[in-house]
Each structure stands twice: as structure tokens, then as C-alpha cells.
Amino acid sequence: MTMKPYYITTPIYYINAAPHIGHAYTTIAADVLARWQRSRGREAFMLTGTDEHGQKIEDAAKAAGKHTIDFCDATSALFRDLWKHLDVRHDDYIRTTEKRHEDKVQELFALLLKNGDVYKGKYEGLYDVVSESFVKESDAIKSPKGILLGPDSGKPLQTLSEETYFFKLSKYGPALLEHYKANPGFLAPSHRASEILRFVEGGLEDISVSRTKVKWGVPVPGDPDHTVYVWFDALINYWSAAAGTTLWPADVHIVGKEIFRFHAVIWPAMLMAAGLPLPKKVFAHGWWTVEGKKMSKSAGNFVDPYEITLEFGVDAFRYFLLREMPFGNDGDFSKASLTKRYNAELANDLGNLVSRVSEMVDKFLGGKLPVKPELTPDFRTTAVARRTPDIAAKMEALDFSGALDIIWEVVRDLNALVNEKAPWKLAKTDMKACELVLFDLVCSLRLVGGWLDPFMPATAAKIQMQLGVRHFPDLLTAEDVLAGKKEHPGPILKGPVLFPRKI
Ligand code: ME8
């Protein structure tokens, strides 16, 4: 039996404003994971897209003076263009205004109506348009003037009183708890999983899943005065994109911590109600602040990925996001910390190493490595190759910064090896030894190039080209090297500087 593709998803983003580094972070992480799976020979399928229904979008279109769908088309395109620019290779891009999705939302809604898990009632309570969520009075924050504010958004809440359909979330508490217990890897990281556990143990209430006041949404089947609540609609995207394929269930949903509850509680309960298999994992990563402050419209501090990549390049941006903070923790973005890592790790550690090695092979060996040199016991590549399973274990656990830590340990070891063996001296005294050490360095660096490919695809390609792996874009992966494939197919030449230093 062939394995189904490894199915990875990002949240579908609201299109009321242009994308920023927070959106870029999740999407790049998903792309890195997908590329890594592919580099190991596993087919991967990465889904991203845009969340286009609901009051927030309707209001934003109105404010922009556009027809809602024209507004959606334009803003959704901004996200799609950014992914292209950031070298994200998604396999599908879903928009909730597409018919293929709307049909599936209606199908699932109708199914739950039929089996009694969705029923009609009345909602009287608070609503937060910014997070598009129903808020319990006990969770609202009171402003000094006595106005009720959303706990996450800090914005004034609306008071709703409307007929609505409810989803029997309360019924699924025990089954959810059982599922969490039986599948310890289902929710990650563990500190966030325990919050969810406590929340569900506290008892679940049924949730409202339709609106009568919002017109911009999927009509409830058989009752067009209602539109489906935007979160109920949005979560279904992961399943509707998989229609007609073997993709479902997803292997991992990557989301930000603020929407973990929707994905860890409501979505699995919806799937249980529909008799569908549950995703294998939901991973909630942390949040970026910018120079110590929360990104917000009022602070006007949204970081534009185009601005950063114009200055530092796409690969350095991809690298920084995944290196700076462990996936799952919060972190801070600043140009100063980006510049520091860029100079120390990319320009110095990696860039210099590649250029020193390729330059020496070019200069001392005429760009050619010995075909089958006699290896000595201190041949370093053997030990370097043994790090591949360690890196794989980190990637499997979505520990991107952990994987990069190992790669940089190797890069630093190789720099130390260059200094210790001083091939430029050996070139004058012992040509055989010089050949061997350069052979060792090139083989190790080809492994490094393979490991880096998911993180910095363009840089990895440049490294491999300089190291004689000529068949771009057919890059040499760690597995190729280990399998002894394409060992030294082309001449080794020094290329342009990979990361010019920043001042
Ligand atoms: O919530 N740091 O969409 P959204 C890290 N449409 N990640 C961040 C971030 C930050 N400061 N800001 C945003 C929605 N993100 C819904 C999702 S899914 C069925 C529906 C990332 O446009 C992070 O992944 O508000 C977060 O979960 C997502 O953007 C929220 O995007």
C-alpha cells in the first residue's frame, strides 16, 4: 500500500488587512516541514489559504468602498503573492468563498442538523468582531468607563440577541478528553496542551454556529435567513480542500496559540459529530512581538515581510524566523537581532566556510576532488552523516530551532577543522593530506547543503552548485550522500558571496 501524502496545513488568514511577519512565520514553518518531508522521499501536501466570510471582512470591504468579493479577490491575492515571494511551495490555496468549499460547509452542516448535533435556539450574549468569537460575560474585561471589551482583542464587544443554530459541543467533552489521553501527541506543545485539558475538564457549553445579522457567509441549508458562523465555516477548509483525495486526515495543523482552542476543541468535536477521522496533530506556536511590543493597528508596528526581505534576502528571513525562537515559544523580532544573526551565523559561520572551502579546492586542486581517496580514521564526514537522524528527530517534532542548532554545531566544527588542518599549509608540504581534508570538507558541506534545503532553498542550491552538484534543481540531499549517490559530479568553483555582511 502506498502511503498517503503528509498533509500539512496553516490557518487560513483573514483578509481584512495585508499579511505581516506573523502570517509569514506560520506559512514558512509549514513550507519547511513540507520540504523536509519531500527531501526524505515522502510525498507532502501543503495547504494554505484565506478566510473570507464574516462581519469583519464585510466591514473592511465597506470601509474600502469596494464590493465584498472584489475586496476579497484583491486582498487574498496579496497573501498568495507573498508566498510566492517567500519561496513557499504550497500545493493548494483555498479560499472560503470558493464553491468547492461552500458546498462542503453546507454538506457538513446539513449532516449535523440531520443527526441532531446542530439545533435551533436563541443566542443572547456578547460578540467580539475582531476575533469573530462569542464571548462569555465572565471572560469580558470591563474598561474604566464600564464598557465590556474582548479578552484577546481589547476592543468593545457587541451585544447580540438573535435566533441561532447551536452545535452540541457539550456532548463531546468526555470523548475529547478520552482522545487527548489516548493520543498524547495530538496536542503540542505540552504546556499548551495542558491548558486545553483544563478547559475541557471544566465542562463545555454548546456554541452558536449561525448568524442572522451577517449576510456575507455560507447560507444555512434550508434556512437562508441564517449564515454559517465564520469559524464553523473556516475550520472546514482543511477537510473541504481534501475532497476527492486520500489526504484526510491531516497529519498536522499548524496554528498560532490564540486559535488553539478552536482547533483543539471545536474542530475535533465537529469531526466526531460528522463521523470523520481526526487530524493526527495540532501544533500551536507562539507569538512574535516587535521590539518588545504587540503588533497592532493602533501601534502601527506591523512588520512588512517585503521590507525585510528587500534588505536581508528571503532566505535570511526564513532562517531567522525559525532560528530565533523555539517553535512553540514566544519571541521578539527586531532588526538588530536579525542583523546580528545574519552577520554571525550566515555571513561568518556558513558563508565564509563555503567560500573558503570552494576557493581552496579551486586553487589547490584545480576544482577537482580525488575520486576515491584512502580514508583515515579521523575522516569527519562519517561522524557528520550520523547527525542526520538527530536532525530528523527534531524536524519530526517540529523543533526547527533544535534542528538548526545541530546544523550550526556541525558548521562550527567544520570551521574549526579548516583552522586546525590549515589546508593552505598542507598544499605546500603534503598534497595527499591536503586533498583528503578538502575532500572531507566538501562531503560534509554537501550534507549541510541537504539539511539546509528546506530552510533556505535558494542558498542550499547555491551551496550545492559551488560544491560541484551541478544538476540544479536536482539537489543533493543528506540521503543521497549517505546512499553514495552523485558523490562529486562536477567541478568545484567559488561562487558569489552567499551573505554579504551588513553594517
Ligand atoms: O485567526 N506571531 O486568521 P488571522 C505569530 N482566520 N504568528 C502570528 C502573529 C504573531 N504576532 N500574528 C498572526 C485567523 N499570526 C483565522 C484562522 S483557521 C481555520 C482560521 C499567525 O489572519 C498565526 O498563525 O488572524 C495565527 O494563528 C494566524 O496568523 C492568525 O491569522
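Please refer to the structure higher up on the page.
Presented here is an overview of the structure given in this document.

The rules behind the values
- Residue indices follow the written sequence of each chain, beginning from 1 at its first position.
- Where local features are concerned, this predicted model is filtered to residues with pLDDT of at least 70; where side-chain atom pairs are given and counted, the filter is 80 or more; whole-chain, interface and lining totals use all residues.
- Note that the side-chain values use all heavy atoms of the structure and ignore hydrogens as well as water.
- The buried label applies to any residue whose accessible area, calculated with a 1.4 Å probe on protein chains only, is under 20% of its type's maximum; exposed applies above 50%, and partly exposed to all values in between.
- Helix numbering and strand numbering both begin at the N terminus, where a helix is a DSSP run of H or I of at least 4 residues and a strand a DSSP run of E of at least 2.
- Between any two strands, at least two bridges found by DSSP are needed for them to pair.
- Here the term right-handed applies to a crossover when the path leading from its first strand over the helix to its second strand runs clockwise, the strands being oriented away from the viewer.
- For this document, the term salt bridge refers to a Lys or Arg side-chain nitrogen within 4 Å of an Asp or Glu carboxyl oxygen.
- Method remark: on a 1 Å grid restricted to protein atoms, a set of points is classed as a cavity if a 1.4 Å probe fits but cannot get out and as a pocket if it is open with protein on both sides within 12 Å along at least five of seven lines; lining residues have an atom within 4 Å of a point.
- Grid points are joined across faces, edges and corners, and a volume is the space filled by probe spheres set on the points.
- Classes in brief: Ala, Val, Leu, Ile, Met, Phe, Trp, Tyr, Cys and Pro nonpolar; Asp, Glu, Lys and Arg charged; the others, Gly included, polar.
- Contact criterion: two residues are considered in contact whenever any of their non-hydrogen atoms come within 4.5 Å of each other.
- The definition of a polar contact used here is a pair of N or O atoms within 3.5 Å, where within protein one atom must be able to donate a hydrogen and the other to accept one, and adjacent residues in sequence count solely through side-chain atom pairs.

**What about the pairing of strand β14 (residues 252-256)?**
Counted residue by residue, β14 has five buried out of five residues, so it is predominantly covered. Because side chains alternate across β14, one face comprises the buried residues V252, I254 and G256, and the other comprises H253 and V255, equally buried. With two bridges connecting them, strand β1 (residues 6-14) and β14 associate as parallel partners. Its bridge partner being in β14, I8 is matched across the sheet by V252. As for the winding sense of the linkage, the β-α-β connection from β14 through helix α9 (residues 260-274) to strand β15 (residues 282-285) is right-handed.

**A few points about the pattern of salt bridges**
Counted by the stated rule, this structure contains 32 salt bridges. The salt bridge involving R211 is made with E162; its shortest N-O contact spans 3.1 Å. Of the two residues, R211 is situated in strand β11 (residues 210-211) and E162 in strand β8 (residues 158-167); the sequence distance between them amounts to 49 residues. Assigned by exposure class, R211 and E162 land together as buried. The salt bridge involving D378 is made with K421; its shortest N-O contact spans 2.8 Å. On the criterion of sequence distance, the pair formed by D378 in the loop between α12 (335-365) and α13 (380-385) and K421 in helix α15 (residues 400-421) is long-range, its members being 43 residues apart. For D378, a relative accessible area of 45% puts it in the partly exposed group.

**Some points on the sheet that holds strand β13 (residues 223-228)**
Two orientations exist for strands paired in a sheet by backbone hydrogen bonds: parallel and antiparallel. Pairing within the open sheet is antiparallel, and its three strands lie in the order β11-β13-β12. Two strands lie at the open edges of the sheet, namely β11 and β12 (219-220), each paired on one side alone. Of the strand pairs in this sheet, β12 and β13 are connected by two bridges, and their pairing is antiparallel. Looking across to β13, one finds that V220 is bridged to D223.

**Thoughts on empty space enclosed by the protein**
Rolled over the atoms, a probe with the dimensions of a water molecule shows which regions are left empty. Taken as a whole and judged by the stated rule, the model has three cavities of 30 Å³ or more. Here the second largest cavity defines a volume of roughly 70 Å³. In this structure, the second largest cavity is lined by 13 residues; those nearest its centre are G54, Q55, R211, V214 and V230. Looking at the lining of the second largest cavity residue by residue, the classes come out as six nonpolar, five polar and two charged.

**Thoughts on the environment of K120**
Looking at the element boundaries, K120 is found in strand β4 (residues 118-128). Overall, the relative accessible area of 43% leaves K120 in the partly exposed class. For the pair formed by K120 and V437, sequence separation is 317 residues and the distance between their alpha carbons is 75 Å. Those residues in contact with K120 that sit more than four places away from it in its chain are E163, T164, Y165, D223 and H226. Within the local environment of K120, its side chain forms a polar contact with the side chain of D223, the two groups lying 3.0 Å apart.

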